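Residues per chain are reported as follows:
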Amino acid sequence: MNSSGWSKIELPACILSKPLAPRYGGEQRVMKSSPNQSRSESPRVACAEWTAFEKRLTCPAGTPEGLSDYFAKRPLWVARAPARLDVMGGIADYSGAHVCEATLGPGIVVAVQPCRERVLRIRSVALDPASFPVEARLPLSQLECRGRPISYAAARAIFRDNPLAAWSAYVAGSLLTLQHEQAVHLQRGWRILLLSAVPMNVGLASSAAVEIATLCAFNAAFGLGLDATRIAQLGQMVENRVVGAPCGIMDQIAIASGQRGKLLHLLCRPGSVEGTIAIPRGTGFVGINSLVRHSVAAAPYGDVRIGTFMGRRILNAWRTRQGAPPLTYLTELTGAELAACERILPETLSGQEFLARYRDHGDSATTIRPASVYRIRGPVRHAVLENERVLRFMAALQATGPDAPDGWRRAGEELAAAHASYRDECRLSVPEVDALVEAVGCYGAKKGLFGAKITGGGAGGTVAIFGRVDALKKYVPQLVRDHAQRMGRTPDVFWGTSPGAFEGGARRYIRRAGGWVCQRV
């Protein structure tokens, strides 16, 4: 325990065996649905994280991977959030763009239970058997000052000064945000479990999944009745104000509101669901980990965001002189309109020179460093043109009948163009990612792989691939083998699709004489 009250405990490795199916019927039934469950509720979708959680919850005392030493025999609330695959739109979200997102098969389960001691005890367990569980403990007194929750800045400083426990900022920050924004009062401590099938720092929005699952679990536990939009807003606040990552709201909305088997169409002004697009029958999306770690808190992503907001400020100063109204979002411009005025945007500009001329760039999530030089024209061009690419991509995906294969080909071309813009306009690609994208292009539409692109904040992470299902099954294993030869280890492949957090719903587990009873809440 250090001066800030944090400790980090490495627990014994969990060796997972094949999940055991719960036994149903009579008193041997360990898990069962509540008799009060509505017939209109959506059918429960089997996910590896739910299966693993319920198996561990029912393990006998003393079982290494069991939870009987962690949770008491009192009610607990559980929610699941999926990983997201950024199909199109990516970093244009904070510029007010249309974006198109998918929910992947892997996800994160978060379980919460009140406890007597006034401590947040947060345990994180990966389903990867090679990973070690970790645990962090934070006395609630560290989150309070004179009976009120500490400020976001003070919380950010706590996690910054305790790097071994920084990962738990996404969880503890979610509770702090509920205190500030929803007037939640913490009278007691909580035991919180993260059970994850999503690797960290691979560009699948694992941090947003943790935030959304945590917020959904506490939404159920406190009976707050918050909807998906509000949960997404709170998740972004955690990211921006506690963690200090300058992300938009795209990931949080996609994870909260996503639907199994569909792409979610969002308009990030600031964040609304415009509709869904069914993934065309016979096609699918797959993610391959480039094995280059990704972080939206890192400088490359933040610098592109700063350059984009600098560009908007410069354009608005020019528009004022022309008698035109200011832009709230860069993507209010069309590509043609930008082409007519982009000459006023410098290719690069130092922070010092920008601040001397314009004073502020209008983005509370980032801070301009005077000594740094920022690219401006390229990031602005990317945001505006990516917005148009997203719309063309979605239209192409919705082609039907004999025109469908040509629509899929055109959708793949938009993916390739988006990747080229990440690479050339934003400088957010890396050679390892480029190699994967180029390898997909070598197979091409004739063999059923329509296109690929970098995802999310770029600078590594996961590559999204769109293709026919038969082609993905045939060629992705070879892509993985070739990439493993380049990198010296085998990359993860992310298949499938699963419900968003609200489509899946939260659950309450109650201990009864015959075992744990599961209820939808």
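See the structure shown above.
Just so it is clear, the structure is predicted and the values come from calculations on it, not from any experiment.

Novice: Got a minute to help me understand the overall build of the protein in this structure?
Specialist: When its secondary structure is counted, the protein shows 14 helices and 18 strands. Its C-alpha atoms give the protein a radius of gyration of 23 Å, near enough to 24 Å, the size a compact globule of 521 residues would have. Along the longest, intermediate and shortest principal axes, the C-alpha atoms of the protein span 75 × 60 × 45 Å. Working note: accessible area of the protein is about 21,900 Å², and carbon and sulfur atoms make up 51% of it. Averaged over its 63 positive side-chain charges, the protein has a centre that lies 6 Å from the centre of its 44 negative ones.

Novice: What is the right way to look at empty space enclosed by the protein in this model?
Specialist: Unoccupied space between atoms shows up once a probe the size of one water molecule is rolled over them. A complete count under the given rule lists one cavity of 30 Å³ or more for this structure. A volume near 40 Å³ is recorded for the largest cavity.

Novice: Looking at this structure, how should I read the sheet that holds strand β16 (residues 493–494)?
Specialist: Each strand in a sheet pairs with another by means of backbone hydrogen bonds, the pair being arranged parallel or else antiparallel. One open sheet holds the four strands; their spatial order is β14-β15-β11-β16, and the pairing between them is antiparallel. Bordering the open sheet on either side are β14 (449–454) and β16, each of which pairs with just one other strand. In this sheet, strand β15 (residues 462–468) lies alongside β14 in antiparallel orientation, the contact comprising five bridges. Among the inter-strand pairings, Ile 454 is bridged to a residue of β15, identified as Val 463. This element, helix α12 (residues 431–443), spans β11 (283–289), β14 and β15 of the sheet and lies at about 170° to β14.

Novice: Looking at this model, I keep getting lost on the side chain of Glu 342. Mind explaining?
Specialist: With respect to the element layout, Glu 342 can be found in the loop between α8 (335–341) and β12 (348–350). Not counting chain neighbours up to four residues away, the residues in contact with Glu 342 comprise Arg 377 and Arg 381.

Novice: Is there a simple way to think about the environment of Val 171 in this case?
Specialist: If you trace the backbone, Val 171 turns up in helix α3 (residues 169–182). Expressed as a C-alpha distance, the spacing of Val 171 and Leu 120, which sit 51 residues apart in the sequence, is 9.5 Å. Apart from residues lying up to four places away in sequence, Val 171 is in contact with Ile 122, Ile 192, Leu 194, Val 210 and Thr 214.

Novice: I would appreciate a short explanation of the pattern of salt bridges in the present structure.
Specialist: Proximity of charged atoms lets side chains of opposite charge pair with each other. Using the criterion set out here, one finds 26 salt bridges in the structure. For the salt bridge of Glu 425 with Arg 381, the shortest nitrogen-to-oxygen distance reads 2.7 Å. On the criterion of sequence distance, the pair formed by Glu 425 in the loop between α11 (404–424) and α12 and Arg 381 in helix α10 (residues 377–397) is long-range, its members being 44 residues apart. In this structure, a network of salt bridges that share partners links the residues Asp 69, Arg 121, Arg 123, Glu 135 and Arg 137.

Novice: Explanation requested: unusual backbone geometry in the structure shown.
Specialist: Note: most residues except glycine have negative phi, and most peptide bonds are trans. With omega at -5°, the peptide bond leading from Arg 269 into Pro 270 counts as cis. Along the chain, Pro 270 turns up in the loop between β9 (262–267) and β10 (272–278). Look at Ala 205: it is not a glycine, yet its phi comes out positive at around 60°. Since its relative accessible area comes to 9%, Ala 205 is described here as buried.

Novice: Just to check I follow, could you spell out the environment of Pro 133 for this structure?
Specialist: Relative to the helices and strands, Pro 133 is located in the loop between β4 (119–126) and β5 (134–139). As for Pro 133 and Val 243, which are separated by 110 residues in sequence, their C-alpha atoms are 21 Å apart.

Novice: Which parts of the structure should I look at to understand the pairing of β4?
Specialist: Along any regular strand the residues' side chains alternate between the sheet's two faces. Most of β4 is tucked away: six of the eight residues are buried. Judged from the six bridges that link them, β4 and β5 form a sheet pairing that is antiparallel. Residue pairing for β5: Val 119 is matched across the bridge by Pro 139. As judged from the seven bridges shared by β4 and strand β8 (residues 189–196), these two strands associate in the parallel manner. Across the sheet, the residue bridging to Ala 126 is Ser 196, located in β8.

Novice: I keep staring at the packing of aromatic side chains and nothing clicks. Help me out?
Specialist: Geometry of an aromatic ring pair is reported as the spacing of the ring centres plus the angle between the planes. Applying the stated criterion across every chain, the model contains 12 aromatic pairs. Aromatic side chains Phe 218 and Phe 222 sit 5.7 Å apart centroid to centroid with 20° between the ring planes, which places their arrangement in the stacked category. Within this pair, Phe 218 and its partner Phe 222 are both found in helix α4 (residues 206–222), separated by four residues, close to a single helical turn. With a centroid separation of 4.7 Å and 20° between ring planes, the pair formed by Phe 285 and Phe 466 is classed as stacked. Residue Phe 285 is located in strand β11, and its partner Phe 466 is located in strand β15; the two are separated by 181 residues in the primary sequence. Across this residue pair, the class does not change: Phe 285 and Phe 466 are buried. Taken together, the ring pairs in this structure connect Phe 285, Trp 408, Phe 450 and Phe 466 into an aromatic cluster. Taking the ring centre of Trp 50 as reference, the NZ or CZ of Arg 507 above it sits at 3.5 Å.

Novice: What is the right way to look at the packing of helix α2 (residues 152–160) against helix α5 (residues 228–243) in this model?
Specialist: To characterise two packed helices, one gives the angle between the axes of the helices and the distance between these axes. Between α2 and α5, the shortest axis-to-axis distance is 8 Å and the interhelical angle comes to 70°. Viewed along their axes, α2 and α5 adopt a mutual orientation that is roughly perpendicular. Across the interface between the two elements, Tyr 152, Ala 155, Arg 156 and Phe 159 of α2 pack against Asn 240, Arg 241, Val 242 and Val 243 of α5. Of the residues contributing to the contact of α2 with α5, the split by class is five nonpolar, one polar and two charged.

Novice: When you look at the nonpolar core in this model, what are you seeing that I'm missing?
Specialist: The nonpolar side chains of a soluble globular protein tend to be buried with one another. Judged by nonpolar contacts, the single largest core of 76 residues is most densely connected at Val 112, Ile 192, Leu 263 and Phe 393. Here this core gets 10 residues from one element, more than from any other, and that element is α4. Within the second largest apolar cluster, 30 residues are counted, among which are Tyr 443, Ala 471, Tyr 475 and Val 480.

The rules behind these values
- Residues numbered from 1 in each chain as written.
- Predicted model: local features only at pLDDT ≥ 70, side-chain atom pairs only at ≥ 80, totals over all residues.
- Heavy atoms only, no water.
- Helix = DSSP H or I, 4+ residues; strand = E, 2+ residues; numbered from the N terminus.
- Rg over C-alpha atoms; globule rule 2.2 N^0.38 Å.
- Areas by Shrake-Rupley, 256 points an atom, 1.4 Å probe, with all protein chains shown as cover.
- Lys, Arg positive; Asp, Glu negative; His and termini not counted.
- Charge placed at Lys NZ, Arg CZ, Asp CG, Glu CD.
- 1 Å grid on protein atoms, 1.4 Å probe; cavity = no way out; pocket = protein on both sides within 12 Å on 5 of 7 lines; lining within 4 Å.
- Points joined across faces, edges and corners; volume = space filled by probe spheres on them.
- Pairing = 2+ DSSP bridges.
- Contact = heavy atoms within 4.5 Å.
- Axes fitted to C-alpha atoms, helices over the stretch in contact; angles between N-to-C directions.
- Salt bridge = Lys/Arg side-chain N within 4 Å of Asp/Glu carboxyl O.
- Buried < 20%, exposed > 50% of the residue type's maximum accessible area, 1.4 Å probe, protein only.
- Phe/Tyr/Trp six-rings, centres within 6.5 Å; stacked < 30°, edge-to-face > 60°.
- Lys NZ or Arg CZ within 6 Å of the ring centre and 35° of its normal.
- Parallel < 35°, antiparallel > 145°, perpendicular 65-115°, else oblique.
- Nonpolar A, V, L, I, M, F, W, Y, C, P; charged D, E, K, R; others polar.
- Core = buried A, V, L, I, M, F, W, Y, C linked by side-chain atoms within 4.5 Å.

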